[in-house]
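Listed below are the residues making up each chain.
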Amino acid sequence: MLFLYNDPSAPEALLGAAFADAGFDIRTFEVVPAGRVDDPALDVDFPDPLDYDVIVPLGSRWAVYDDRLVRHWVAGEVAMVRSALAAGVGVLGVCFGGQLLAHALGGTVTRSPHPEIGWHEVHSSRTDLVPDGPWFQWHFDRITPPPGAMEIARNNCATQAFVQGRAMGLQFHPEVDADLVERWITEDADGDIARLGLTPDGLRAETAARTGDAARRLGRLVHGFLGLLTQDTPHQPNRDR
């Protein structure tokens, strides 16, 4: 399987362990390297999605509709995701990755009037796929699910998860651990935490209290997602490369 690092500050964290526990060999691909954070409009030669069983586009500080990026790597990643799904490769999109997946399938992504940071309740209609929250959030945009997709989780701020075929998009961050939350706190140069009435110490304390249970629910989420991949004839990756 392949994790797409859309932002050097958004690695797979606990998701890597969850997929490894499920028997997957883990590969990663860096889309925007650390040296290009201040100038992220670059063209990217993405890997062949048919070399993998699962692709997981991860989070990003940028927006799917960011004019600097739309004609560059965002367009390339959208094309990769579409090719993957057309070939039967599973795609699990996380936060920005979920928004990009929604866009690739014909949904929309817009600025949210209710941004979320921290641990927020998520209400699921398919707890076999997405267990009820709280889940960690850090987003300022929101998804309108693609035509034909099924919204399976939400809260009063946004759609939180949808499925369509072998694709599942998440608005929240199931991958976070204490180290990743600490990194995002440290990198909050724009003061988003304070602007939403939160404190770093409050986020740290709640993360310490919730990550154990969230990690267990993450295992169930990955198991549920992998169940989507067994509903049709399995995709066979290119093993001769």
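Above this text is the structure in question.
Everything numeric here is computed off the predicted structure, so don't read it as measured data.

(A) Expanded view of the pairing of strand β7 (residues 135-144). When you tally the buried positions in β7, you get eight out of 10 residues, the bulk of the element. Bridge analysis of strand β5 (residues 108-120) against β7 gives nine bridges, and the strand direction is antiparallel. Residue pairing in the sheet places His120 in a bridge with Trp135 of β7.

(B) Here's a closer look at the state of the cysteines. Applying the stated criterion across every chain yields a total of zero disulfides. Cysteine Cys95 is unpaired, with the sulfur of Cys157 as its nearest cysteine sulfur at 13 Å.

(C) Here's a closer look at the sheet that holds strand β9 (residues 159-164). Strand order in the open sheet formed by eight strands is β2-β1-β3-β4-β10-β9-β8-β6, with mixed pairing between adjacent strands. Looking at the sheet topology across the chains shown, the edges are occupied by β2 (27-30) and β6 (123-124). Its contacts with the sheet place helix α3 (residues 73-86) against β1 (2-5), β3 (54-57), β4 (90-94) and β10 (167-170), and it is angled at close to 150 degrees to β3. Packed on one face of the sheet, helix α7 (residues 200-228) meets β3, β4, β9 and β10 and runs near 150 degrees to β10.

(D) Summary view of the environment of Cys95. As for its placement among the helices and strands, Cys95 is situated in the loop between β4 and α4 (96-104). Among the residues examined, Cys95 registers a relative accessible area of 5% and is labelled buried. Once the C-alpha coordinates of Cys95 and His139 are considered, the two residues, 44 residues apart in sequence, prove to be 7.3 Å apart.

(E) Main features of the packing of aromatic side chains. Using the criterion set out here, one finds 10 aromatic pairs in the structure. Taken together, a centroid distance of 5.6 Å and an interplanar angle of 85 degrees make the contact between Phe19 and Phe24 edge-to-face. We note Arg61 situated over the ring of Trp62; from NZ or CZ to the ring centre the distance is 5.4 Å. The lysine or arginine in question, Arg217, covers the ring of Trp135, its NZ or CZ lying 4.5 Å from the ring centre.

How each quantity is defined
- Residues numbered from 1 in each chain as written.
- Predicted model: local features only at pLDDT ≥ 70, side-chain atom pairs only at ≥ 80, totals over all residues.
- Heavy atoms only, no water.
- Buried < 20%, exposed > 50% of the residue type's maximum accessible area, 1.4 Å probe, protein only.
- Helix = DSSP H or I, 4+ residues; strand = E, 2+ residues; numbered from the N terminus.
- Pairing = 2+ DSSP bridges.
- Disulfide = S-S within 2.5 Å.
- Contact = heavy atoms within 4.5 Å.
- Axes fitted to C-alpha atoms, helices over the stretch in contact; angles between N-to-C directions.
- Phe/Tyr/Trp six-rings, centres within 6.5 Å; stacked < 30°, edge-to-face > 60°.
- Lys NZ or Arg CZ within 6 Å of the ring centre and 35° of its normal.

This is a description of form; function is not addressed.
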